[in-house]
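Each chain is listed here by its residues.
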Amino acid sequence: MFAQRQMFFARLAANLRAPAVRQTVQRRFASTPANESGKNAFVREREAVKQHAAETTELWRKISLYGIPPALALAGYNAYTLYNEHWEHWSHLPPLEERTEYPYQNIRTRNYPWGDGDKTLFWNESVNYHNRDKVT
């Protein structure tokens, strides 16, 4: 046990003599002289960073609270207006059953595995129409 303890302290002493540790210990007690305000350059820089962070945080808080809600309201109003215009346009078109069905529309090489096999997964009855028996 004594030999293990002796080896531990030998390694510890060797590590303390290593250049990185020795420089760190030596630098700890050395400091730069203070200027007239009593603060060194590092402290002044850290205070400037903290002040900048506080100002930036306040700016983004104001943008988030006072800028984003009006922008979302305007975007929502625009989307609502465009949606209503779109469906107003659809109301002027002929009924789905009377529209021309071209050969390249609704091509079916085999039935889908769901429903009646004729409707796609994203089928919408108010927009899509397909008459299997209709010949163009």
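Residues numbered from 1 in each chain as written. Predicted model: local features only at pLDDT ≥ 70, side-chain atom pairs only at ≥ 80, totals over all residues. Heavy atoms only, no water.

**Student:** What's the story with the overall build of the chain in this structure? I'm lost.
**Tutor:** Each helix and strand counted, the chain has three helices and zero strands in total. What you see in the chain, going N to C, is helices and strands ordered as α-α-α. In the chain, which comprises 136 residues, the proportion classed as buried is 5%. Taking contacts inside the chain between residues at least 6 apart in sequence as the whole, the part at least 24 apart equals 39%. Of the accessible surface of the chain, which amounts to about 12300 Å², a share of 61% is contributed by carbon and sulfur atoms. (Helix = DSSP H or I, 4+ residues; strand = E, 2+ residues; numbered from the N terminus. Buried < 20%, exposed > 50% of the residue type's maximum accessible area, 1.4 Å probe, protein only. Contact = heavy atoms within 4.5 Å. Areas by Shrake-Rupley, 256 points an atom, 1.4 Å probe, with all protein chains shown as cover.)

**Student:** What should I look at first to understand the pattern of salt bridges in this one?
**Tutor:** Side-chain pairs of opposite charge can arise whenever the charged atoms involved come near each other. Per the stated rule, a full pass over the model turns up three salt bridges. Across the pair Arg 61 and Glu 58 runs a salt bridge, and its minimum N-O distance is 2.8 Å. Taken together, the residues Arg 61 and Glu 58, both in helix α3 (residues 41–91) and three residues apart, mark about one turn of the helix. Put simply, Asp 116 and Lys 119 hold a salt bridge, and the shortest N to O gap is 3.6 Å. Judged by its relative accessible area of 47%, Asp 116 is partly exposed. (Salt bridge = Lys/Arg side-chain N within 4 Å of Asp/Glu carboxyl O.)

**Student:** Explanation requested: the packing of aromatic side chains in the structure shown.
**Tutor:** The geometry of an aromatic ring pair is captured by two quantities: the separation of the ring centres and the angle between the planes. According to the stated counting rule, one finds four aromatic pairs in the structure shown. Plain terms: the ring middles of Tyr 83 and Trp 87 are 6.4 Å apart, the flat faces sit at 70 degrees to each other, and that makes the pair edge-to-face. Highlighted residues: Tyr 83 and Trp 87, both in helix α3, separated by four residues, approximately one helical turn. You can call Trp 87 partly exposed: its relative accessible area is 31%. Arranged with centres 5.2 Å apart and planes meeting at 15 degrees, the rings of Tyr 112 and Trp 114 form a pair that is stacked. Tyr 112 gets classed as partly exposed once you look at its relative accessible area, which sits at 28%. By relative accessible area, which is 34% here, Trp 114 ends up partly exposed. (Phe/Tyr/Trp six-rings, centres within 6.5 Å; stacked < 30°, edge-to-face > 60°.)

**Student:** Could you clarify how one ought to interpret the layout of surface pockets in this entry?
**Tutor:** In this structure, the largest pocket encloses a volume near 200 Å³. Around the largest pocket, the lining residues are Trp 90, Leu 96, Arg 99, Thr 100, Glu 101, Gln 105, Asn 106, Val 127, Asn 128 and Tyr 129. Of the residues contributing to the lining of the largest pocket, the split by class is four nonpolar, four polar and two charged. (1 Å grid on protein atoms, 1.4 Å probe; cavity = no way out; pocket = protein on both sides within 12 Å on 5 of 7 lines; lining within 4 Å. Points joined across faces, edges and corners; volume = space filled by probe spheres on them. Nonpolar A, V, L, I, M, F, W, Y, C, P; charged D, E, K, R; others polar.)

**Student:** Is there a simple way to explain the UniProt feature "transmembrane region" in the chain in this structure?
**Tutor:** Cross-referencing UniProt, the feature "transmembrane region" maps to residues 63–83 in the present numbering. For residues 63–83, the end-to-end C-alpha separation is 29 Å, with 100% helix and 0% strand making up the annotated structure. (UniProt positions renumbered as here; feature names shortened; annotations may be inferred.)

**Student:** I keep staring at the confidence of the model for the chain and nothing clicks. Help me out?
**Tutor:** Segments scoring low in pLDDT should not have their predicted coordinates read at a detailed level. For the chain, per-residue confidence averages 81 on the pLDDT scale, and 79% of positions sit at 70 or higher. Per-residue pLDDT, averaged within each element of the chain, yields its smallest value for helix α2 (residues 19–28) (56) and its largest for α3 (94). (pLDDT = per-residue confidence, 0-100.)

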